[in-house]
Amino acid sequence: QFHMIKHEDLTWRESLGQGSFTHISRGSKTDQWDGVTHSTEVLLKVLDANHKNCWESFFEAASLMSQISHKHLLLVYGISVHKSKNIMVQEFVKHGALDLYLKRSTSVSVSWKLDVAKQLACALNFLEEKNIAHGNICAKNLLLAREGDPSADNSPFIKLSDPGISMALLGKDVVLDRIPWVAPEVLDTLEIELECDKWSFGSTLWEIFNNGEAPLQGLDPIQKQQFYEHFSNLPALEWTELADLIIQCMQYQPELRPSCRSIIRQLNSLITSDYEILHATGTHPK
Ligand code: ATP
Ligand code: MG
């Protein structure tokens, strides 16, 4: 299902931190074509040694990403196994995770954010057509390949990363921590359906339009769980049309969530100037 990469073809560079049961580093991989050595910058995701039992799920995520190809889906080059180390070798995306990018950038225009939202919807539409549920959509898993000009009308370019380890293996604490990205029904079933991604999309929209701020930040796991038990909604965005789309995506009844076609249609009908007028006259400083 996936390409095996020789460990000796990998070079390790600086560490980029921890993920869910993973450690992440920058590196490079060398290939020989026609007797010439080529080097490609890569991202190396290593499964934690104390979670080795998750290897099947980890490889499944790699295999999923290797089997499908779309401009807004991250490229996975393959897997490397060295002694007891399991490594996913993927495309290194220059500007990193979108949540961090939005947090450190001071002026990102609404049209830039809307472009990102449309690109994610486009990736989801592709997955929906293929009947593939992703299961881990959030701004952290959107990687920014091209920055564009965030304050002008120069488009960014994003790629959706791999879903990582299955929710069923991650444990209750991690799943609760993923509230409000994880759809409420997943808490009971731990199974991912297509509709779950719509919910996560809604939550991710909220995050993007709040400059990478995590929704429900500061709530402890019990409070997060109560948020779902009370069928609560995230605080509404000022932009009513967008707020309405988020509400539709984050319907507690999965079958009521919109199709990707409908999401795309609604995003295309949003006119950023409406929002900018609201801003110019309104109350909220950027
Ligand atoms: P999860 O399965 O929960 O998504 P993970 O193992 O994928 O966990 P993340 O938390 O998503 O780990 O990623 C950690 C950090 O690594 C991100 O915040 C981002 O900065 C960086 N990163 C991840 N993938 C890439 C990539 N392909 N290119 C560049 N940076 C990346
Ligand atoms: Mg990730």
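Residues numbered from 1 in each chain as written. Chains lettered and ligands numbered in written order. Predicted model: local features only at pLDDT ≥ 70, side-chain atom pairs only at ≥ 80, totals over all residues. Heavy atoms only, no water.

Trainee: Run through the overall build of the protein chain, naming residues and quoting values.
Mentor: Counting its secondary structure elements, the protein chain contains eleven helices and seven strands. Computed over C-alpha atoms, the radius of gyration of the protein chain comes to 19 Å, within 12% of the 19 Å expected from 2.2 N^0.38 for 286 residues, which places it in the range of a compact globule. Summarising its shape, the C-alpha atoms of the protein chain cover approximately 60 × 45 × 35 Å along the three principal directions. Pairs at least 24 apart in sequence give 66% of the contacts found in the protein chain among residues at least 6 apart. Of the roughly 13900 Å² of accessible surface on the protein chain, 50% is carried by carbon and sulfur atoms. Averaging the locations of the 26 positively and 36 negatively charged side chains of the protein chain gives two centres separated by 6 Å. (Helix = DSSP H or I, 4+ residues; strand = E, 2+ residues; numbered from the N terminus. Rg over C-alpha atoms; globule rule 2.2 N^0.38 Å. Contact = heavy atoms within 4.5 Å. Areas by Shrake-Rupley, 256 points an atom, 1.4 Å probe, with all protein chains shown as cover. Lys, Arg positive; Asp, Glu negative; His and termini not counted. Charge placed at Lys NZ, Arg CZ, Asp CG, Glu CD.)

Trainee: Kindly report on the sheet that holds strand 5 (residues 85–91), identifying the contributing residues and their values.
Mentor: On the basis of which strands lie adjacent, the open sheet formed by five strands has the order 1-2-3-5-4 and antiparallel pairing. Of all the strands in the sheet, the pair left with one neighbour each is strand 1 (10–18) and strand 4 (76–82). Sheet twist, expressed as the mean angle between neighbouring strand axes with direction ignored, is 30 degrees. The pairing of strand 2 (residues 22–33) with strand 3 (residues 36–47) spans twelve bridges and is antiparallel. By the bridge assignment for strand 3, Trp33 is matched with Val36. Helix-sheet contacts for helix 1 (residues 55–67) involve strand 2, strand 3, strand 4 and strand 5, and the interaxial angle to strand 5 is about 20 degrees. (Pairing = 2+ DSSP bridges. Axes fitted to C-alpha atoms, helices over the stretch in contact; angles between N-to-C directions.)

Trainee: I'd like to hear about empty space enclosed by the protein, residue by residue, with values.
Mentor: Inspection of every chain in the model, using the stated rule, returns two cavities of 30 Å³ or more. The computed volume of the largest cavity comes to approximately 110 Å³. Around the largest cavity, the lining is made up of 14 residues, and of these Asn233, Leu234, Ile246, Ile247 and Met250 lie nearest the centre. A total of three residues in the lining of the largest cavity trace back to one element, the largest contributor, which is helix 9 (residues 240–249). Residue composition of the lining of the largest cavity, grouped by class: twelve nonpolar, two polar and no charged. If you add up the space inside the second largest cavity, you get close to 40 Å³. Every residue lining the second largest cavity is listed: Leu124, Leu127, Glu128, Ile132, Leu194, Asp197, Lys198 and Cys260. (1 Å grid on protein atoms, 1.4 Å probe; cavity = no way out; pocket = protein on both sides within 12 Å on 5 of 7 lines; lining within 4 Å. Points joined across faces, edges and corners; volume = space filled by probe spheres on them. Nonpolar A, V, L, I, M, F, W, Y, C, P; charged D, E, K, R; others polar.)

Trainee: Just give me the short version of the packing of helix 3 (residues 110–129) against helix 7 (residues 194–209), but keep the residues and values in it.
Mentor: Two numbers describe how helix 3 lies on helix 7: the axes approach to 11 Å, and their chain directions differ by 170 degrees. Between helix 3 and helix 7, the angle falls in the class roughly antiparallel. Residue-level inspection shows Val110, Lys113, Leu114, Val116, Ala117, Leu120, Ala121, Leu124, Leu127 and Glu128 of helix 3 in contact with helix 7, the latter providing Leu194, Asp197, Lys198, Phe201, Thr204, Leu205, Ile208 and Phe209. (Parallel < 35°, antiparallel > 145°, perpendicular 65-115°, else oblique.)

Trainee: For the environment of Glu213, give the residues involved together with the corresponding values.
Mentor: Looking at the element boundaries, Glu213 is found in the loop between helix 7 and helix 8 (221–229). Sequence separation between Glu213 and Leu100 is 113 residues, and the spatial gap between their C-alpha atoms is 9.1 Å. The contact partners of Glu213, leaving out residues within four places of it in the chain, are Lys103, Trp206 and Glu207.

Trainee: Talk me through the site of ligand 1; I want residue IDs and the actual numbers.
Mentor: Taken together, 21 residues are adjacent to ligand 1, and Ser20, Thr22, Lys45, Glu91 and Val93 come closest. Contacts to ligand 1 include Arg178, whose side-chain N or O atom sits 3.1 Å from an oxygen atom. Out of a free accessible area of 620 Å², ligand 1 has 92% covered by protein chains. In terms of residue class, the shell around ligand 1 is made up of nine nonpolar, eight polar and four charged. (Near = heavy atom within 4 Å. Polar contact = N/O pair within 3.5 Å; in protein donor to acceptor, adjacent residues only side chain to side chain.)

Trainee: Give a description of the environment of Glu60 that names residues and reports values.
Mentor: Considering the arrangement of structural elements, one finds Glu60 in helix 1. Judged by relative accessible area, Glu60 falls into the exposed class, the value being 57%. Distance in space between the C-alpha atoms of Glu60 and Phe2 is 9.5 Å, their sequence separation being 58 residues. (Buried < 20%, exposed > 50% of the residue type's maximum accessible area, 1.4 Å probe, protein only.)

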